[in-house]
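Analysis of the macromolecular model
Single-letter residue listing:
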Amino acid sequence: MNIQALDKKYVLQTYGRGNVEFVSGKNATLTDSEGKNYIDFTSGIGVVSVGHANKRVNSAICEQIGNITHTSNLYNIAPQAKAAEAVVKASGYDMACFFGNSGAEANEGAIKIARKHGERDGEIKRYKIITLQHSFHGRTITTVKATGQEAMHNYFGPFPDGFVYADDMDAIEGLLDDHTAAVMIELIQGEGGVEPQDRAKVQALAKLLKSKHIPLIVDEVQTGGYRTGEFTASQVYGIIPEIITLAKGVGGGVPVGIVMTSLKEVLSVGDHGSTFGGNYLSSTAVCSVVEILNELKESGELEATSTYFNQELEKFYRSNEKLFTQKVGIGMMCGLRVKDADTLTSIMNNAKESGVMVLKAGRNTLRFLPPLTITKEEIDEGFKSLSTAVASI
Ligand SMILES: *Cc1c(COP(=O)(O)O)cnc(C)c1O
């Protein structure tokens, strides 16, 4: 049976998969089962931040699993402690980490910390979590409810109580009350359509919440790991949140979710846990990925790549102004607003044919999340293919 038939028969059909099978990759270049090459402007949705088949990450992982892969969190795990140190130091915040296995799980951890903090915080029980419309926080029952998209709340109820949606940043203040446990936001909405929040509004919100002792949770599952120029987008925005969640890009393809917080004393032994979280395999990947990204940042290469990518994206945008209305994003989390949804679908289909992988976000945004290690040559080739893709539209 071919792979597509096997998938249809034995895998639950929850994804609209493109009929292509990649068999190998090198940095930002993927090769499919027919031997055709593609430039990957997606990093597997922001995951493969240091490129496909990164030799340093692979040899670190192979060396580690040659010794030990998993013991459980009942014992010391050296790579977990080192990964926590690496992540905290890269952020510059005074925080400590909990390790899970996905973005949704990291957000679950963040919500648990905020709710327990709320219970300890005086007489009134604080349980309300305010999130934004068009946000995306995950697929578990709780994080799907935290997600401000009504269409995602169609089934699966009853949901946990206490989630409230603000129409935009300006509406948050009016929703704060004595029961508010936390506000949770993405600084740049990813799935919602590459929507950066206004810097001044973010800073004002952070300040307001501090004055009210309400923790700010920043969901950096997509923005974290130097995607926007600094290790966290919170640093780019110049704020100090109480809780930050990370996942996608910090494991380089190995499943990991991290919640980091300055509220280090809230959770006690037994309050939270994970069987796989922070095991030898995933923590070793995090250590290696963060080390590589730190070097990329310190050498100035990250900045140079981001500048070049954005310059080429701008050129592509300028030469196709009949298709696009705006260039958006920060660092290497970018998008182009497409004039309508049908045009976006055509671009997506043609891009695959021309050998370049791109993403869709929201209703009308063409999204770019290239590996942070992408080379100039790969960027040039990707935009060349993309120009071919849009030529006939
Ligand atoms: C992808 C994403 C999640 C969910 O992460 P999973 O690893 O799929 O659970 C949560 N929040 C944001 C902002 C994301 O981009």
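Before reading further, recall that the structure is shown in the block above.
A brief structural summary. (Residues numbered from 1 in each chain as written. Predicted model: local features only at pLDDT ≥ 70, side-chain atom pairs only at ≥ 80, totals over all residues. Heavy atoms only, no water.)

1. Here we look at the sheet that holds strand 14 (residues 333–338)
With respect to topology, four strands assemble into an open sheet ordered 13-14-17-16, the strand pairing being antiparallel. Across the chains shown, the open sheet's two edge strands, defined by having one partner strand only, are strand 13 (324–330) and strand 16 (359–361). The mean inter-strand angle of the sheet, taken between neighbouring strand axes irrespective of direction, is 30°. As paired strands, strand 13 and strand 14 are joined by six bridges and run antiparallel to one another. Across the sheet, Val-328 pairs through a bridge with Gly-335, a residue of strand 14. (Pairing = 2+ DSSP bridges. Helix = DSSP H or I, 4+ residues; strand = E, 2+ residues; numbered from the N terminus. Axes fitted to C-alpha atoms, helices over the stretch in contact; angles between N-to-C directions.)

2. Details of helix 5 (residues 103–120)
Between its first and last C-alpha atoms helix 5 spans 26 Å; for 18 residues at 1.5 Å apiece the expected length is 26 Å, and the two agree. Along helix 5, the positions that sit buried rather than exposed are Gly-103, Ala-104, Ala-106, Asn-107, Gly-109, Ala-110, Ile-111, Ile-113, Ala-114, His-117 and Gly-118. Two or three places before Glu-105, at the start of helix 5, stands the capping residue Ser-102, its side-chain oxygen 3.1 Å from that residue's backbone nitrogen. Immediately beyond the C-terminal end of helix 5, within one or two residues, lies Gly-122, with a positive phi of roughly 95°. (Expected span 1.5 Å × (residues − 1). Buried < 20%, exposed > 50% of the residue type's maximum accessible area, 1.4 Å probe, protein only. Polar contact = N/O pair within 3.5 Å; in protein donor to acceptor, adjacent residues only side chain to side chain.)

3. Regarding empty space enclosed by the protein
Under the defined criterion, the tally for this structure stands at one cavity of 30 Å³ or more. In this structure, the largest cavity occupies an estimated 30 Å³ of space. Together, Phe-98, Gly-100, Glu-105, Ala-106, Gly-257, Ile-258, Val-259 and His-272 line the largest cavity. Counting residues per element, the ones that place at least two in the lining of the largest cavity are strand 4 (96–100), helix 5 and strand 12 (257–261). Among the elements that take part in the lining of the largest cavity, strand 12 stands out by supplying three residues, more than any other. The class makeup of the residues in the lining of the largest cavity is four nonpolar, three polar and one charged. (1 Å grid on protein atoms, 1.4 Å probe; cavity = no way out; pocket = protein on both sides within 12 Å on 5 of 7 lines; lining within 4 Å. Points joined across faces, edges and corners; volume = space filled by probe spheres on them. Nonpolar A, V, L, I, M, F, W, Y, C, P; charged D, E, K, R; others polar.)

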